[in-house]
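The primary structure of each chain is shown beneath.
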Amino acid sequence: MNNPRPIAAALSALVALVIPLAACSTPSAPAEPTTATVDTVPSEERGATQHNTADTMFAQMMIIHHEGAIDMAELARTRSGSEEVRALAERISAAQGPEIEQMQSWLRAWGEPTDGGGHAGHGGMDMDGMTQDEMMAMLDGLSGADFDEAFLTGMIAHHEGAVDMAQAQLADGENPEALELAEKIIDDQEAEITEMQELLGQ
């Protein structure tokens, strides 16, 4: 019979050699995970160009609408008989002029027309059954208290149209800056509607 002791001794020696080697071969720490950059466009740039059809229409039509309000306000400077009405007209021009420039800059960044995009016939809105041109023609023939009454009545309807447009933008638009402006227009013009109603004694 073979002597098992030499075999056992050889196995013991082998185990003694393998254990230290296993201890020395500790797996290296996994590399730090790398986050793949899916979109390299800065978030502020995405926000500036992100838009849909509702954003485009809102900007194009509100530009025309604001231009109409400024035209009416310019007449108030020389035709109004009320210091309060003239001051209101000044504030309307001062607020809406920069908003026009802001919306024009969006449209240029979006690659969209800044001249109304075919909506020129709608931007003036309907003011108690009158178009923008008709309202301007009527106001141009008035002065003093008669002008003030017609101006305030027409501008209330004009502002109500702007509020409706801004609410449609909040419902359907997606550009963050356009949504923010829509909220501002609603707040500003609803406050001015209340002011004009008070001036009319309503």
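Quick caveat: nothing in here was measured; it's all calculated off a predicted structure.

Mind laying out the environment of M61, listing which residues take part and the relevant values?
Within the secondary structure, M61 sits in helix α3 (residues 53–79). Placed 54 residues apart in sequence, M61 and D115 show a C-alpha to C-alpha distance of 9.3 Å.

Tell me what's going on with the packing of α3 against helix α5 (residues 132–140), and back it up with residues and numbers.
At a minimum axis separation of 11 Å, α3 and α5 run at an interaxial angle of 0°. Overall, the two elements α3 and α5 adopt an arrangement that is roughly parallel. In this structure, α3 contributes G68, D71, M72, L75 and R79 to the contact, and α5 contributes Q132, M135, M136, L139 and D140. Taken together, the residues of the contact of α3 with α5 break down into 5 nonpolar, 2 polar and 3 charged.

Tell me about the packing of aromatic side chains, and please be specific about residues and values.
Overall, the coordinates contain 2 aromatic pairs when judged by the stated rule. When the ring of W106 is compared with that of W110, the centres are 6.1 Å apart and the planes differ by 25°; the resulting orientation is stacked. Of the two residues, W106 and W110 are both situated in helix α4 (residues 83–110); the distance of 4 residues between them amounts to about one turn of the helix. Taken individually, W106 and W110 each receive the classification buried, so the pair is uniform in this respect.

Mind laying out the packing of α3 against helix α7 (residues 176–200), listing which residues take part and the relevant values?
Running from amino to carboxyl end, α3 crosses α7 at an angle of 35°, the nearest separation of the two axes being 11 Å. α3 and α7 meet at a crossing whose hand is left-handed. Two secondary-structure elements touch here, α3 through D55, F58, M62 and H66 and α7 through A178, L181, A182, I185 and Q189. For the contact of α3 with α7, the class distribution of residues is 6 nonpolar, 2 polar and 1 charged.

Just give me the short version of the nonpolar core, but keep the residues and values in it.
When a protein is soluble and globular, its nonpolar side chains tend to lie buried together. In terms of nonpolar packing, the biggest core is built from 22 residues, with M72, L139, F151 and M155 touching the most fellow members. Secondary structure elements with two or more residues in this core: α3, α4, α5, α6 (144–172) and α7. Excluding residues that lie within four positions of it along the chain, L139 makes contacts with M72, L75, R79, F147, A150 and F151. Residues F58, I70, M103 and L107 belong to the second largest nonpolar core, which totals 20 residues.

Can you explain the confidence of the model for the protein chain? Please cite residues and give values.
For the protein chain, the average pLDDT comes to 83, and 72% of its residues sit at 70 or higher. Here residues 13–27 is a poorly scored stretch, pLDDT under 50, and it has 1 contact once near neighbours within four places are set aside; other chains count. Scored below 50 in pLDDT, residues 29–45 makes 2 contacts in the model with residues more than four places away or belonging to other chains.

A description of the pattern of salt bridges should follow, citing residues and the corresponding values.
Per the stated rule, a full pass over the model turns up 7 salt bridges. Shared partners join several salt bridges into a network, and the residues in it are E74, R77 and E90.

What counts and how
- Sequence positions are assigned chain by chain, starting from 1 and proceeding in written order.
- Confidence filtering applies because this is a predicted model: local features only for residues at pLDDT of at least 70, side-chain atom pairs given and counted only at 80 or more, and all residues used for totals across whole chains, interfaces and linings.
- With hydrogens and water excluded, all non-hydrogen atoms of the structure serve as input to the side-chain values.
- In this description a helix means any DSSP run of H or I spanning at least four residues, a strand means any run of E spanning at least two, and both kinds are numbered starting from the N terminus.
- Between the N-to-C directions of two axes lies an angle of 0 to 180 degrees, each axis being a line fitted to C-alpha atoms and, for a helix, fitted only over the stretch in contact.
- By the definition adopted for this analysis, an angle is roughly parallel if under 35 degrees, roughly antiparallel if over 145, roughly perpendicular if from 65 to 115, and oblique otherwise.
- Whether two residues touch is decided by their heavy atoms; if any such pair falls within 4.5 Å, the residues are in contact.
- Any residue that is not Ala, Val, Leu, Ile, Met, Phe, Trp, Tyr, Cys, Pro, Asp, Glu, Lys or Arg is counted as polar, Gly included; the first ten are nonpolar and the last four charged.
- Whether two aromatic rings pair depends on their centres lying within 6.5 Å, for rings of Phe, Tyr and Trp, where Trp uses its six-membered ring; planes under 30 degrees apart make the pair stacked, over 60 edge-to-face, and the rest tilted.
- Here's how the labels work: a residue is buried when its accessible area is under 20% of the maximum for its type, exposed when over 50%, partly exposed in between, all with a 1.4 Å probe on protein chains only.
- Definitions for this section: a left-handed crossing has its near helix turned counterclockwise from the far helix by less than a right angle. A right-handed crossing has that turn clockwise.
- For this analysis, a nonpolar core means a set of buried residues of the types Ala, Val, Leu, Ile, Met, Phe, Trp, Tyr and Cys, connected via side-chain atoms within 4.5 Å.
- Confidence scores per residue from the predictor, reported as pLDDT, run from 0 to 100.
- Whenever a carboxyl oxygen of Asp or Glu lies within 4 Å of a side-chain nitrogen of Lys or Arg, that contact is scored as a salt bridge.

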